[in-house]
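Here are the chains, one letter per residue:
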Amino acid sequence: MPVVELAEVTKAYESKVAVNNLSLSIEAGQIFGLLGPNGAGKTSSIRMMMGITMPDSGRIRLFDKPFVRRSLEQVGYLPEERGLYKKMKVLDQIVFFGCLHGLNAVEARRRAIDWAGRMEIADVLHKKTEELSKGMQQKIQFISTLLHSPGLIVMDEPFSGLDPVNAVLVEKTLLALKQEGKAIVFSTHRMEQVEKLCDSICLINNGEAVLSGNLREIKSRYERNRVIVEFEGDPAFLKSAEIAQADNFSGHAEIKLKPHGDAQKLLHEAAALATIYRFELIEPSLEEIFIETVKGKNHA
Amino acid sequence: MRNILLVAKREYLEQIRGRAFKVSTIALPLLVAALLAFSHYMEHKAGAGKHIAIVADNAALANDVRQQMLDDKRAQYTVDVTAPASAAERDELQRQVRSKAIDGVLAIDSSNPEKIKATFTSLSVGDISGGLQNALNRGIINERMIAKGMGQTEADAMLAKVSIEAMQLDKNGKIEKSNGRAITIKATLMLFLLSLPIMLYGLDMARAIIEEKTSRIFEVMLAVAKPSDLLAGKLLGVGAVGVTQITIWVAGASVFMGTQLAAELLTGDIAIRFSLTEAICFPIYFMLGFALFSAVFSGLAATCETAQDLQKFMAVAIVPLYTAMGFLPVMINDPSSAWSIAATLFPFTSPYTMLSRMGMAVVPLWQIAISIALLILTIWAVLWFSARLYRVGILMYGKRATIPEIVRWLRYS
């Protein structure tokens, strides 16, 4: 049963089509990455999922039912343009958002204290929000999104503004939530996080889905034409007819094979000239797939 | 409804705990009291203690006028008489006015007893007060009566002052003593007490919306609450803050009224009383006035990016207030005139003017009912527009909306 489903959704603002005929489906226990260059239509799609704007055509279903505002009580939303009440104390703020999501004040308070410990901000609960750093404020927003234990979590650029330590903390929390069976959708520009976290992705460009599906399946569709070689000896094999491009960093070479280039042949050529410590045929990174797909579509 | 109440509660508690609420709760009544005290002082003391020289060819007339001036205890004049006065003496007195040794010269020319002329020379034309004019006329009348052979005792009896005691009849036939000065003070007080909080809380509402827009909190809120719920909650919360503040003021005023100090201060000219109708209407007009102007400001604030952007809409706040202030003398002069009735029915001035008019005359209940009905209808219409501007405007970041854009927002939503 899909937790969220967009079917042929289109949204236009004046003359600009922000989202064009977009369809996607997200299951429970899945992390879904919404990718795309700036202005591709990611935020517009998310805003329609959240009922903040309405699609011009197409259908949106939440929890296997046509969209109704009441369903939003089971959704946790962290928008890209997010803010907090600056003069409010942290605990009051989290409790307020919890109550808006249907919790009673006592339960919201209990959960807020619990989450504050989990996100390592227990010592700032009684401070005013304006006294905290941007990263701290982001953790408060993160907690506010999750306090009511939503079945669907929608996050627009959740890692922006977080330092590496806190980014890892958020990643681990998202993975734990996935284990609990939550459906998680997030948009990001950081491909390494998508590769690490996402089960499925949808790449949007100019409002249209240009690539979507299971991340493993998508990557397997692309030829394994990247080779990492660690060697000692004559680097002349890097001029092989099988190679399209090679970068040699003193014994560590990153090679891109020509279309239908033969990796085995290259290995023989390399072994003949140098001692090979590592020869690894790797799939293209998501970033490369992203750039290639977006460029390809824009040039088409 | 739950979300409306939650938003209202948050807004209410945040504002009540804020420093601005505490300061304004104390500062505004002090400001009004200071203004009233200043106006009272200016009326009674300003211009008092002036040193005036009277020059005349008729010494008896000059002394009569002098006596009338000295009888005005409030003015506390020092009066010199030079009569008859030579040209050199007149020049010398003019010089003394220029050097500020004396405040003015009253020259009385009675060469033609049927057509007496008087000139007053000073460094400020505002010095010709009603008191001086009155003293001159009474002095001339006294002199004319003496000249016609009347004794001074009879002349004094003829000139004895009679003041009118104003009585106000209410619709039940009950007669109460009325006082022009008390009515003016009360009308002004009502205008201030209603207009200041309505304006301040309306602008506060606009400021809060702009602040929330700047801090990008709206999108988080919109994921759980409808824009109309957010707007309604905010209106309710800020309105409740206003009611709390007015309740504190009324409670404070009630305590003060029971003190000996109030009994001493609020006697005679400034004895002010409030009827039950006024006590009921005051919170009603405050809430309706607040709802109207806050609804206007909410819509406008949603189109702004910064508090500076709001400045261009300040006329919306100021014009109705100035219009109401402009109508105040009209209402004091004739509270039942067509203009006075219009000012208390027109929805953008009625919250400010109705209570002032109620203090001056018995306002028919049907006029109060129509005024409230018109206000409610206008609030509904303004909310309809504002909610649409609000719904679109709060998510429009980065630039100030132009008029054509605002029209487009209204069409879209």
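Residues numbered from 1 in each chain as written. Chains lettered and ligands numbered in written order. Predicted model: local features only at pLDDT ≥ 70, side-chain atom pairs only at ≥ 80, totals over all residues.

Enquirer: Any chance you could break down the overall build of chain B for me, citing the residues and the numbers?
Expert: Along chain B, the regular secondary structure elements total 17 helices and six strands. Counting the 413 residues in chain B, one finds 33% classified as buried. Partitioning the contacts of chain B with sequence separation of at least 6, the portion at a separation of at least 24 is 75%. (Helix = DSSP H or I, 4+ residues; strand = E, 2+ residues; numbered from the N terminus. Buried ≥ 20, exposed ≤ 12 C-beta atoms within 10 Å, placed from the backbone. Contact = placed C-beta atoms within 7 Å.)

Enquirer: Describe the overall build of chain A, and please don't skip the residues or the numbers.
Expert: Along chain A, the regular secondary structure elements total nine helices and 14 strands. Put simply, 68% of the contacts in chain A that link residues at least 6 apart link residues at least 24 apart.

Enquirer: Before we move on, could you go through the sheet that holds strand β14 (residues 274-282) of chain A and cite the residues and values that matter?
Expert: Residues and elements named next belong to chain A. Across the sheet, four strands lie side by side as β12-β13-β11-β14; this open sheet has antiparallel pairing. The strands lining the two open edges of the sheet, one partner per strand, are β12 (243-248) and β14. Taken pair by pair, the neighbouring strands of this sheet meet at an average axis angle of 20°, ignoring direction. Across eight bridges, the pairing between strand β11 (residues 226-233) and β14 is antiparallel. In the strand pairing of β14, Phe-231 is matched with Ile-276. (Pairing = 2+ DSSP bridges. Axes fitted to C-alpha atoms, helices over the stretch in contact; angles between N-to-C directions.)

Enquirer: Give a detailed account of the pairing of strand β9 (residues 200-205) of chain A, specifying residues and quantitative values.
Expert: All names here are of chain A. Counting buried positions along β9 yields six of six residues, so the element is predominantly enclosed. Side-chain alternation along β9 places Ser-200, Cys-202 and Ile-204 on one buried face and Ile-201, Leu-203 and Asn-205 on a second face that is also buried. In this structure, strand β3 (residues 31-35) lies alongside β9, joined through four bridges in parallel fashion. Looking at the pairing, Leu-35 lines up with Leu-203 of β9. Relative to strand β10 (residues 208-214), β9 is paired through six bridges, and the arrangement is antiparallel. For Cys-202, the partnering residue across the bridge sits in β10 and is Ser-212. If you look at the hairpin formed by β9 and β10, you'll find two residues sitting between the two strands, and Asn-206 has a positive phi there, around 50°.

Enquirer: Explain the sheet that holds strand β1 (residues 2-13) of chain A to me, using residue names and the numbers behind them.
Expert: Residue and element names in this part refer to chain A. Spatially, four strands are ordered β2-β1-β4-β5 in an open sheet, and the strand pairing comes out antiparallel. A strand with exactly one partner marks an edge of an open sheet, and here the two such strands are β2 (16-27) and β5 (65-66). Against the sheet, helix α1 (residues 42-49) engages β1, β2 and β4 (57-62), with an angle of about 120° to β1.

Enquirer: Could you give an account of the interface of chain A and chain B, naming the residues involved and the relevant values?
Expert: Taken together, the 18 residues of chain A in the interface contact 15 residues of chain B. Of the residues assigned to the side of chain A that touches chain B, the class counts are 11 nonpolar, two polar and five charged. (Nonpolar A, V, L, I, M, F, W, Y, C, P; charged D, E, K, R; others polar.)

Enquirer: Give me the lowdown on the packing of helix α2 (residues 90-100) of chain A against helix α4 (residues 134-146) of chain A, citing residues and values where you can.
Expert: All names here are of chain A. Where α2 meets α4, the closest approach of the two axes is 8 Å, and the angle between their N-to-C directions is 30°. Taken as axis vectors, α2 and α4 run roughly parallel relative to one another. In the packing of α2 onto α4, the handedness of the crossing is right-handed. Contacts from Val-90, Gln-93, Ile-94 and Phe-97 of α2 reach α4 at Ile-140, Ile-143 and Ser-144. (Parallel < 35°, antiparallel > 145°, perpendicular 65-115°, else oblique. Left-handed = near helix turned anticlockwise from the far one by under 90°.)

Enquirer: Give me the nonpolar core: which residues, what numbers.
Expert: Counting 135 residues, the largest nonpolar core has Met50(A), Ile143(A), Leu147(A), Val154(A), Leu194(B), Leu292(B) and Ala301(B) as its most contacted members. With 13 residues, the top contributor of residues to this core is helix α11 (residues 276-302) of chain B. Ignoring anything within four residues of it in the chain, the contact list for Leu147(A) reads Ile94(A), Phe97(A), Gly98(A), His101(A), Leu103(A), Ala108(A), Arg111(A), Ala112(A) and Trp115(A). Among the nonpolar cores identified, the runner-up in size contains 19 residues, and Val55(B), Leu61(B), Tyr77(B) and Ile108(B) belong to it. (Core = buried A, V, L, I, M, F, W, Y, C linked by C-beta atoms within 7 Å.)

Enquirer: An account of α1(A) is requested, with residue identities and associated values reported.
Expert: Side chains of residues three or four places apart in an α-helix project in the same direction, reflecting 3.6 residues per turn. Across the eight residues that make up α1(A), a large majority, eight, are buried. Gly51(A) occupies a position one or two residues after α1(A) and carries a positive phi of about 70°.

Enquirer: Before we move on, could you go through the confidence of the model for chain B and cite the residues and values that matter?
Expert: Per-residue pLDDT for chain B averages 80, and the proportion of residues at 70 or more is 85%. Taken over the whole predicted complex, pTM reads 0.69, whereas the ipTM for its chain interfaces reads 0.74. (pLDDT = per-residue confidence, 0-100.)

Enquirer: Account for the packing of helix α1 (residues 2-17) of chain B against helix α9 (residues 227-257) of chain B, with residues named and values stated.
Expert: All names here are of chain B. Packing of α1 against α9 brings their axes to within 7 Å, and their N-to-C directions diverge by 40°. When the axis of α1 is compared with that of α9, the two are oblique. Helix-helix and strand crossings are classified by hand; for α1 and α9 the assignment is right-handed. Here α1 contributes Asn-3, Ile-4, Leu-6, Val-7, Ala-8, Lys-9, Arg-10, Glu-11, Tyr-12, Gln-15 and Ile-16 to the contact with α9, which in turn contributes Asp-229, Leu-230, Ala-232, Gly-233, Lys-234, Leu-236, Gly-237, Val-238, Ala-240, Val-241 and Thr-244. Looking at the contact of α1 with α9, its residues break down into 12 nonpolar, five polar and five charged.

Enquirer: Give me the lowdown on the pairing of β12(A), citing residues and values where you can.
Expert: Residue and element names in this part refer to chain A. In terms of burial, β12 is a largely surface element, zero of the six residues being buried. Where β12 lies against strand β13 (residues 252-257), five bridges are found, and the strand directions are antiparallel. The residue bridging Asn-248 from the neighbouring strand is Ala-253, located in β13. Turn length for the β12-β13 hairpin, with the two strands adjacent in sequence and antiparallel, is three residues, and the turn residue Ser-250 shows positive phi of about 50°.

Enquirer: Outline the environment of Ser25(A), listing residues and values.
Expert: Residues and elements named next belong to chain A. Following the sequence through the fold, Ser-25 ends up in strand β2. For Ser-25, a count of 17 C-beta atoms within 10 Å gives the class partly exposed. Sequence spacing of Ser-25 and Gly-213 is 188 residues, and the spatial spacing of their C-alpha atoms is 9.4 Å. The residues touching Ser-25, leaving out its near neighbours within four places in the chain, are Pro-2 and Glu-5.

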